[in-house]
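A closer look at the structure
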There are 2 protein chains.
Amino acid sequence: MTDRCEVRCVHPQAVAAAQQTMPSEDVVAGSAEMFRLLGDPGRLRLLLALRGGELCVCDLAAVTGASESSVSHSLRLLRANRAVRSRREGRNMYYALHDGHIEQLLDMMTAHMGEPRDHFSD
Amino acid sequence: MTDRCEVRCVHPQAVAAAQQTMPSEDVVAGSAEMFRLLGDPGRLRLLLALRGGELCVCDLAAVTGASESSVSHSLRLLRANRAVRSRREGRNMYYALHDGHIEQLLDMMTAHMGEPRDHFSD
DNA sequence: CTGATATATGAACATCTATTCAGATATTCA
DNA sequence: TGAATATCTGAATAGATGTTCATATATCAG
């Protein structure tokens with residue numbers, strides 16, 4: 001990564017300042033990946049359903065309207081990225097939100113989306 | 001939407017409770033769309049760069065390393081979904097985070113990603 | 001063990017998406 | 001006006017992604 005940039009129209013100090021506050025590559029990649037997981041309506045519904053407490057796979061399928069196979073695939077992704085954790089009880093697997101951060105993100109976003117929009121901003 | 005579900009293994013009261021706390025379809029779709037926008041590393045970098053204040057397109061291209069065309073496409077999406085707002089000054093377009101909610105989401109996620117991970121959770 | 005149930009998994013496929021490239025638009029300056 | 005600069009836009013394309021279907025695994029009841 002060089003300090004020189006190819007373009008000619010830059011405000012150098014603003015660019016330098018922005019580069020310094022940019023999180024590490026790992027944090028950026030991890031954050032993007034987590035946001036991406038939350039960015040699918042099916043997966044998001046799964047997580048929203050889990051805000052009230054743990055549910056098993058077929059419960060989640062019933063709540064969200066997706067197939068159990070699709071739900072299972074989604075949960076695997078979510079678990080691999082620590083968005084949910086799982087617990088087996090007999091034949092059932094119970095899934096829950098992994099931690100409070102996830103729930104905070106969900107609540108913040110849904111609250112934001114529920115607010116009336118301001119026309120005069122662009 | 002019927003109250004009856006096709007599967008036989010459900011815990012009916014847990015499912016009913018989860019369905020009641022599920023946000024409206026609009027809120028779910030809007031939230032997913034916003035999360036999806038944040039879920040691309042290129043777009044996420046743009047937003048992170050804007051935490052320190054407004055920048056023009058070629059500044060953003062320089063900070064993130066993406067082409068100006070790609071940046072412009074990304075900004076259009078972000079603006080259409082109210083993640084950023086724009087302001088023209090002469091030949092330059094200055095972009096800024098649309099509101100504090102966006103910044104909160106970014107900060108919460110990057111802070112979460114920066115934390116050390118707990119091995120004993122699954 | 002055998003059958004039934006709940007979940008997980010792999011492959012295939014159709015769909016979506018981000019980038020690039022070429023060219024259009026808008027603004028400034030001479 | 002015409003040249004130069006900054007940004008935008010549409011089309012095309014290569015790659016990623018979510019779902020389905022079929023099948024595998026795991027647990028329990030008898």
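Let us look at the structure shown here. (Residues numbered from 1 in each chain as written. Chains lettered and ligands numbered in written order. Predicted model: local features only at pLDDT ≥ 70, side-chain atom pairs only at ≥ 80, totals over all residues. Heavy atoms only, no water.)

On to unusual backbone geometry. Even without glycine at this site, R82 of chain A takes up a positive phi of about 60°. With respect to the element layout, R82 of chain A can be found in the loop between α5 (68-80) and β2 (84-89). (Helix = DSSP H or I, 4+ residues; strand = E, 2+ residues; numbered from the N terminus.)

Turning our attention to the relation of the copies chain B and chain A. Taken as rigid bodies, chain B and chain A are interconverted by a rotation of 180° and an axial shift of 0.0 Å, the fit giving an RMSD of 0.0 Å. The relationship between the two copies is best expressed as a two-fold rotation axis. Interface residue correspondence from chain B to chain A reaches 100%, placing this contact among same-surface, isologous pairings. (Least-squares fit on C-alpha atoms with pLDDT ≥ 70 in both. Contact = heavy atoms within 4.5 Å.)

Let us look at the interface of chain B and chain A. With 61 residues of chain B in contact, the opposing surface of chain A contributes 61 residues. In this assembly, chain B packs against chain A so that about 5300 Å² is buried in total across both faces, 68% of it on carbon and sulfur atoms. The interface formed by chain B and chain A includes two salt bridges. A salt bridge links R45 of chain A to E25 of chain B, with the nearest nitrogen and oxygen atoms 3.0 Å apart. At the boundary of chain B and chain A, one finds ten residue pairs in polar contact (both at pLDDT 80 or more). Per-class residue counts for the side of chain B that touches chain A are 31 nonpolar, 15 polar and 15 charged. (Buried area = accessible area lost by both parts, 1.4 Å probe. Salt bridge = Lys/Arg side-chain N within 4 Å of Asp/Glu carboxyl O. Polar contact = N/O pair within 3.5 Å; in protein donor to acceptor, adjacent residues only side chain to side chain. Nonpolar A, V, L, I, M, F, W, Y, C, P; charged D, E, K, R; others polar.)

With that settled, consider the pattern of salt bridges. When charged atoms on two side chains of opposite charge get close, those side chains can pair. Inspection of the entire model under this criterion finds ten salt bridges over all chains. Between E89 of chain A and R87 of chain A there is a salt bridge, with its nearest N and O atoms 2.9 Å apart. Looking at E89 of chain A, the relative accessible area reads 45%, which means it is partly exposed. Here E33 of chain B and R36 of chain B are joined by a salt bridge, their closest N and O atoms 3.3 Å apart. Of this pair, E33 of chain B and R36 of chain B both sit in helix α2 (residues 25-38), three residues apart, roughly one helical turn. (Buried < 20%, exposed > 50% of the residue type's maximum accessible area, 1.4 Å probe, protein only.)

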